[in-house]
Amino acid sequence: MAPRFAEERAEGVTRHIMVCAGTGCTSSKSLDIIAGFQAELEEQAVADRNRVVRTGCFGLCAMGPVVLIYPEGIFYSHVTPGDVPEIVSEHIVNGRLVERLLHREADTGEVTRRLDDMEFYQPQLRIALRNCGKIDPENINEYLAVDGYQALTRILTEKTPAQEIIDTLKSSGLRGRGGAGFPAGQKWQFTANASSEDGVKFVCCNADEGDPGAFMDRSILEGDPHSVIEAMIIAGYTVGSDQGYIYVRAEYPIAVHRLETAIAQAEEYGLLGENILNSGFTFRLALRLGAGAFVCGEETALMTSIEGRRGEPHPRPPFPAVKGLFQRPTLLNNVETYANVTWILNHGAQAYAAIGTEKSKGTKVFALGGKIANTGLVEVPMGTTLRTIVEEIGGGIPNGKRFKAAQTGGPSGGCIPASLIDTPIDYDSLAAIGSMMGSGGLIVMDEDNCMVDIAKFFLEFCVDESCGKCAPCRIGTKRLYDLLDKITRGEGTLEDLDTIEELCNHLKSSALCALGQTAPNPVLSTLKHFREEYVAHVVEKRCPAGVCKNLLRYTVDPEKCKGCTLCTRSCPTGAISGILRAPHTIDNSKCVKCGACMDACRFGAISKG
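Conventions and cut-offs
- Residues numbered from 1 in each chain as written.
- Predicted model: local features only at pLDDT ≥ 70, side-chain atom pairs only at ≥ 80, totals over all residues.
- Heavy atoms only, no water.
- Salt bridge = Lys/Arg side-chain N within 4 Å of Asp/Glu carboxyl O.
- Buried < 20%, exposed > 50% of the residue type's maximum accessible area, 1.4 Å probe, protein only.
- Helix = DSSP H or I, 4+ residues; strand = E, 2+ residues; numbered from the N terminus.
- Pairing = 2+ DSSP bridges.
- Contact = heavy atoms within 4.5 Å.
- Core = buried A, V, L, I, M, F, W, Y, C linked by side-chain atoms within 4.5 Å.
- Expected span 1.5 Å × (residues − 1).
- pLDDT = per-residue confidence, 0-100.
- Axes fitted to C-alpha atoms, helices over the stretch in contact; angles between N-to-C directions.
- Parallel < 35°, antiparallel > 145°, perpendicular 65-115°, else oblique.
- Left-handed = near helix turned anticlockwise from the far one by under 90°.
- Nonpolar A, V, L, I, M, F, W, Y, C, P; charged D, E, K, R; others polar.
- Polar contact = N/O pair within 3.5 Å; in protein donor to acceptor, adjacent residues only side chain to side chain.
- Phe/Tyr/Trp six-rings, centres within 6.5 Å; stacked < 30°, edge-to-face > 60°.
- Lys NZ or Arg CZ within 6 Å of the ring centre and 35° of its normal.

**Student:** An account of the pattern of salt bridges is needed here, citing residue identities and associated values.
**Tutor:** Inspection of every chain in the model, using the stated rule, returns 33 salt bridges. Here R114 and D116 are joined by a salt bridge, their closest N and O atoms 3.6 Å apart. Residues D485 and R489 are paired through a salt bridge, measuring 2.5 Å at the closest nitrogen-oxygen approach. Since its relative accessible area comes to 18%, D485 is described here as buried. Relative accessible area serves as the criterion here: at 33%, R489 is assigned to the partly exposed category. Salt bridges linked by common partners bring R54, D136, E138 and R258 together as one network.

Okay, here's the thing in structure tokens:
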């Protein structure tokens, strides 16, 4: 906060009220909170000394809307527009904290006043997210105040050789954060070495974030769009391109608006467009909005979509670095990869390489969701264990439930069981246990999740999102889904399990693109680590987690049942019988598994399984 304060203290501004305006908090009326602060500060005649700042995501989405007040660093959570007058009168005017809005730790309930002292943030190291929650993403001056465009200015004024930039990225060990983990410096090298007949090359950014539960790239674009733009300009200079495209989902309206604003501001400041900083180098940047197809996250499908055609993948080689967008050499990285580039160029390759593991350098951003106390956005050094993320950062599993598994990599990844919770999160460690890093979705599951149902959910997603171009994916994923559906209906056989494994292996080896090749991963990983659940569904016709509706059986514990008849009166099919003040019974042949009886029972006498 020092750059902002140094500039504004001369104007009499002594305090900043930072309000999250990311998608999550915006949906909970944070824009009304911002307007409320502005009006209330004027009402109480303190607007000249206090500035309201709209920021990107702070990360702790479970506590939103979030308000952070500097210079004290006080963190208020679950703020509503109705809380604003109290915050202004108590904290801003009289210097007294609003205790009821202070953050409480999920595991201990202890009050934590400052963001820096919170358990959620302490194990984190923010590089890609370094400016999110700290600057106004729609004000280029704030990005400039935190060393923004410093790397670009140095490179253009000193005419840094392109190979020197590439060598820096190679030495840093930065790997692509889009999922595959290909060395970024090597990709830049391939594109720089490639040529086309007319000399045209392109630089693209993949912001088509389609994994269920993933919002890493969206949050970077909403909170720090200039970091991506600066890195793309540097990439254009390095590989010899004068045109870039950001392919972003149309479902991200806030990200799109802030990108449009940032691009216009960079052009106004002479940092983007013709003859940047009078260096003779020209680079233009345009947005292309995706229609929401998951397959367009695959690089060749993405480029086909930018060209205005149906987004379908193409066989490789040739790879995009040789023949990509409009059949020209094309550099494609995702949002998080670009967000690391300027930090590396400003701090040095060795500083970045010192973070993480031997083969997985730097940090990784995860969208933490599912059965976890602290849902939100986290960034940790590579090699951080899953236990640290779940128990320390995530605050553990709510309601005293037991941790069962975590899904990394979205529909392309695998499930990590509780027995492997101490696995380091890096590319090689995850691959060794049948999972993958993916783009950064991390879904936590507890004992109430059925792993067969989880595999079925992700596979259904892949069936819906398959472009249908290749038969292995079009037919194979549907056939796999049908087999899993058969098992969850209680109609599966042990032979079906063998068929599923065989089909998974064929699909992995024959599908055209990564969507089909990785679609079997959730199935194979759950078969490997939770095979007993599959067997229970097939042999015992039972869902151990009580999720698969066709296999549910509701039972009454006669020792707990008081014979109050509430369950009988709530049952829509008359499946429950019994007399007043005597234990009741359920006829499962009539039961439709609606759960109304369980909801009505006040004594916990009804269970499902």
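**Student:** Could you give me a rundown of the pairing of strand β13 (residues 403-408), with the residues and numbers involved?
**Tutor:** Within β13, 6 of the 6 residues are buried, which leaves it mostly tucked inside the rest of the structure. Relative to strand β15 (residues 441-446), β13 runs antiparallel, the two being bridged by 5 bridges. Looking across to β15, one finds that A405 is bridged to M445. Between β13 and strand β14 (residues 414-417), which pair antiparallel in sequence order, lie 5 residues; one of them, G409, sits at a positive phi of approximately 85°.

**Student:** Explain unusual backbone geometry to me, and be specific about the residues and the numbers.
**Tutor:** Of the consecutive residues G64 and P65, the connecting peptide bond is found in the cis state with omega at -5°. Following the sequence through the fold, P65 ends up in the loop between β2 (50-55) and β3 (67-70). The peptide bond linking P317 to P318 adopts the cis configuration, its omega dihedral lying at 0°. With respect to the helices, strands and loops of the structure, P318 is situated in the loop between α12 (299-306) and β10 (330-334).

**Student:** Could you give an account of the environment of I233, with specific residues and numbers?
**Tutor:** Topologically, I233 is positioned in helix α10 (residues 225-239). For I233, a relative accessible area of 0% puts it in the buried group. It is 48 Å that separates the C-alpha atoms of I233 and K401, two residues lying 168 residues apart in sequence. Excluding its chain neighbours within four sequence positions, the residues that come into contact with I233 are Y149, L152, L271, L272, I276, F281 and F283.

**Student:** Residues and numbers for the nonpolar core, please.
**Tutor:** Note on soluble globular proteins: their nonpolar side chains tend to be buried together. Core analysis: the largest hydrophobic core is formed by 63 residues, its most contacted members being Y149, W188, I233, I246 and Y338. A total of 8 residues in this core trace back to one element, the largest contributor, which is α10. Among the nonpolar cores identified, the runner-up in size contains 44 residues, and C296, L302, L325 and L551 belong to it.

**Student:** For α10, give the residues involved together with the corresponding values.
**Tutor:** With 15 residues, α10 ought to run about 21 Å at 1.5 Å a step, and its terminal C-alpha atoms sit 21 Å apart, in line with that. Counting buried positions over the 15 residues of α10 gives 14, a clear majority of the element.

**Student:** Before we move on, could you go through the confidence of the model for the chain and cite the residues and values that matter?
**Tutor:** For the chain, per-residue confidence averages 94 on the pLDDT scale, and 98% of positions sit at 70 or higher. In the predicted structure, residues 1-6 sits below a pLDDT of 50 and forms 17 contacts with residues beyond four places in sequence or in another chain.

**Student:** Any chance you could break down the packing of helix α19 (residues 494-510) against helix α21 (residues 521-529) for me, citing the residues and the numbers?
**Tutor:** Contact geometry for α19 and α21: axes closest at 10 Å, N-to-C directions at 140°. For the element pair α19 / α21, the angle class is oblique. Here α19 runs over α21; the crossing is left-handed. Contacts from L497, I500, E501, C504, N505 and K508 of α19 reach α21 at N521, V523, L524 and L527.

**Student:** If you had to explain the packing of helix α8 (residues 184-193) against α10 to someone new, which residues and values would you point to?
**Tutor:** Where α8 contacts α10, the two axes come as close as 8 Å, and the packing angle between them is 45°. By the angle between their directions, the pair α8 and α10 is classed as oblique. In this structure, α8 contributes W188, T191 and A192 to the contact, and α10 contributes A231, I234, A235, T238 and V239. Among the residues making up the contact of α8 with α10, the classes are represented as 6 nonpolar, 2 polar and no charged.

**Student:** Outline the pairing of β10, supporting the account with residue identities and numerical values.
**Tutor:** In terms of burial, β10 is largely enclosed, as 5 of its 5 residues are buried. Neither face of β10 is left uncovered, since the one carrying T330, L332 and N334 and the one carrying L331 and N333 both have all their residues buried. With 5 bridges connecting them, strand β7 (residues 202-207) and β10 associate as parallel partners. Each bridged residue has a counterpart across the sheet, and for N206 the counterpart in β10 is N334.

**Student:** Residues and numbers for the side chain of T363, please.
**Tutor:** For T363, the position within the fold is in strand β11 (residues 363-370). For T363, a relative accessible area of 0% gives the class buried. Of the polar contacts made by the side chain of T363, one reaches the side chain of E379; its length is 2.5 Å.

**Student:** I'd love a proper account of the sheet that holds strand β9 (residues 284-290), names of residues and values included.
**Tutor:** What the 4 strands build is an open sheet, ordered β9-β8-β7-β10; its pairing is parallel. Among the strands making up the open sheet, the edge pair consists of β9 and β10. On average, adjacent strands in this sheet sit at an angle of 20° to one another, irrespective of strand direction.

**Student:** Account for the packing of aromatic side chains, with residues named and values stated.
**Tutor:** Scanning the entire structure with this criterion turns up 10 aromatic pairs. The interplanar angle of 55° and the centroid separation of 5.8 Å between the aromatic rings of F202 and F326 together place this pair among those described as tilted. With F202 in strand β7 and F326 in the loop between α12 and β10, this residue pair connects regions lying 124 residues apart in the sequence. Taking the relative accessible area as the measure of exposure, F202 reaches 9% and is therefore buried. An angle of 75° between the planes, with centres 4.9 Å apart, marks the rings of F294 and F461 as edge-to-face. Of this pair, F294 sits in the loop between β9 and α12 while F461 sits in helix α17 (residues 451-465), and the two are 167 residues apart along the sequence. Note on F294: relative accessible area 12%, which makes it buried. The class of F461 is buried, set by a relative accessible area of 17%. The ring of Y252 carries R218 above its face, with NZ or CZ at 5.9 Å from the centroid.

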